[in-house]
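# Per-entry structural report
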Amino acid sequence: MLGVIGLKIFTGDKKILEKEIESSLKKIKSTNTKSIAAYQTVEVMISFYELLSTKETHFFETLLSCSYEEVLEKSRILQNYKMQNIIHTREEHERLCFHLNTFLDEIEIFDLKEENDRSKTLDEKEMYEIISDFFQIRNKNAASMLDYLIQEKRIFKIPDKEESARAYNLYNLFQNNFYIFVKKGENAITTMASIVHEIGHSMDEVQLLSIGKRKECKYYTEKSILIEVVSMMYEKEFLDFLLQEGVERESVELEIKGWFSSFQFFSRETELLFYLPDDLLKMNSYQNIAEEDLIHCLEEECSIIVNQEEIGNLNEMDLSDNLNWCYGFALSTYFSYLRGHDYSRYQESFRNFLKLRTNYFSPNTLERIGTTSLELSDITCEDYVRFSSKRLIK
């Protein structure tokens, strides 16, 4: 239990973060490392420290003096390799989007604007107890991770900035520990789901480190489009747990509606981007053309009718990131389904997935996991139907 920390989850201490930034910068300078993961770790730590402190520091200036541009160029090269891999395997991704969108286009997706969040306010003690109860059932090591992060003052509540993600997990490879940052202003269910999701990332990385895969952990994000699967399994199963336990039912239903709506958004936008030719996908070149030119390319050269409202800010459209979420949604639903319906097959498929998840996607990745894009779509559809039927039982 929480012991001396008391009843709080958000115990994050900026002084600890500051000291670890200073220590990490010294290590980069003393070792003259060119590790992309090392620079990215410190860059994220600095960004959150300045956000929490509401002030600029000398830290970025120090980082810039440490071969920063050279490392950025290496990062851009790796991003290009990842996009080339996506282009090379685009038929597999297009097939998944086709099956998913066939199902998603047939359902009446939720209109979140008409919903009111009627969640009461849960305090941190109640949120801790709910999350801890779930982890005790799902994975006791995750319960220990939660307590560790709280006791070591590594869970921060950050300002609700529109441009930032709702939560972020950071593995500090210098000190071999973790941070979790969660936005203010979200309701209690969203806050708890975010914490569970980010601890899912931590447990995913801990598993890699425990089997000596430190290098794979460093380049997980740079290579893989499967980085959201494990964390989204935790989040999804947590929301199901809340439904089963009758915790804040209406607010949980709204959160799950958001889950399916996000799934639909990313799947549709991904399918749209895959209509573009390879040369516009390389290095995200589509982000550098005018909206009217993009629409012209889609309508005239790709022969599809484009709803202009579906074209958002081109600079924010990211095919690689979209695929992270599409595979995260689909495979997390698949594994959660197998876990409850065919445990032996779940064990085999999930074991296969764990072996494949950190590398570039191959044309037979789903086959090697033990599934197909059609099966993923069918199970996602069944999960939607299951949720819809649960909503009728009050």
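Use the structure listed above.
Here's what I pulled together on the structure shown here. (Residues numbered from 1 in each chain as written. Predicted model: local features only at pLDDT ≥ 70, side-chain atom pairs only at ≥ 80, totals over all residues. Heavy atoms only, no water.)

## Some details on the nonpolar core
Applied cut-off: Here, the term nonpolar core denotes a set of buried Ala, Val, Leu, Ile, Met, Phe, Trp, Tyr and Cys residues that are joined through side-chain atoms within 4.5 Å. Each residue gets one of three labels from its accessible area relative to the maximum for its type: buried under 20%, exposed over 50%, partly exposed in between, using a 1.4 Å probe on protein chains only. Segments assigned H or I by DSSP are reported as helices when at least four residues long, segments assigned E as strands when at least two residues long, and all are numbered from the N terminus. In this description, contact between two residues means that some pair of their heavy atoms is separated by no more than 4.5 Å.
Counting 124 residues, the largest nonpolar core has Phe 135, Ile 199, Phe 238, Leu 331 and Phe 335 as the members making the most contacts within it. Considering each element in turn, this core owes the most residues, 11 residues, to helix α2 (residues 36-53). Setting aside residues up to four positions removed in sequence, Ile 199 forms contacts with Phe 135, Ala 142, Met 145, Leu 146, Leu 149 and Ile 180.

## Points about the pairing of strand β3 (residues 177-183)
Applicable threshold: At least two DSSP bridges between two strands are required for those strands to pair.
Summarising burial for β3: 7 of the 7 residues are buried, a large majority. The two faces of β3 match: Asn 177, Tyr 179, Phe 181 and Lys 183 on one face and Phe 178, Ile 180 and Val 182 on the other face are all buried. Bridge count for strand β1 (residues 155-158) against β3 is 4 bridges, and the pairing is parallel. Note that in β3 the partner of Phe 156 across the bridge is Phe 181. Here 6 bridges tie strand β2 (residues 167-172) to β3, and the two strands are oriented antiparallel to one another. Across the sheet, residue Ala 167 finds its bridge partner in β3, namely Val 182. Between β2 and β3, which pair antiparallel one after the other, the connecting turn spans 4 residues, and Asn 176 there sits at a positive phi close to 60°.

## With respect to the environment of Arg 76
Stated precisely, the cut-off is as follows: Any pair of N or O atoms that falls within 3.5 Å is considered a polar contact. Within protein, one atom must be able to donate a hydrogen and the other to accept it, and sequence-neighbouring residues count only if both atoms are side-chain atoms.
Along the chain, the position of Arg 76 falls in helix α4 (residues 68-88). Taking the C-alpha atoms as reference points, Arg 76 and Glu 222, separated by 146 residues in sequence, lie 9.8 Å from one another. A polar side-chain atom of Arg 76 sits 3.1 Å from a polar atom in the side chain of Glu 73.

## Remarks on α2
Basically, it comes down to this: The span you would expect from a helix comes to 1.5 Å times its residue count less one.
Taking 1.5 Å of rise per residue, the 18 residues of α2 would be expected to cover 26 Å, and the 26 Å separating its terminal C-alpha atoms lies within 8% of that figure. Taking burial as the measure, the 18 residues of α2 include 14 buried ones, the bulk of the element. For α2, the N-terminal capping position is held by Ser 35, with its side-chain oxygen 3.4 Å away from the main-chain nitrogen of Ala 37. Following α2 by one or two positions, Thr 54 adopts a phi angle in the positive range, close to 50°.

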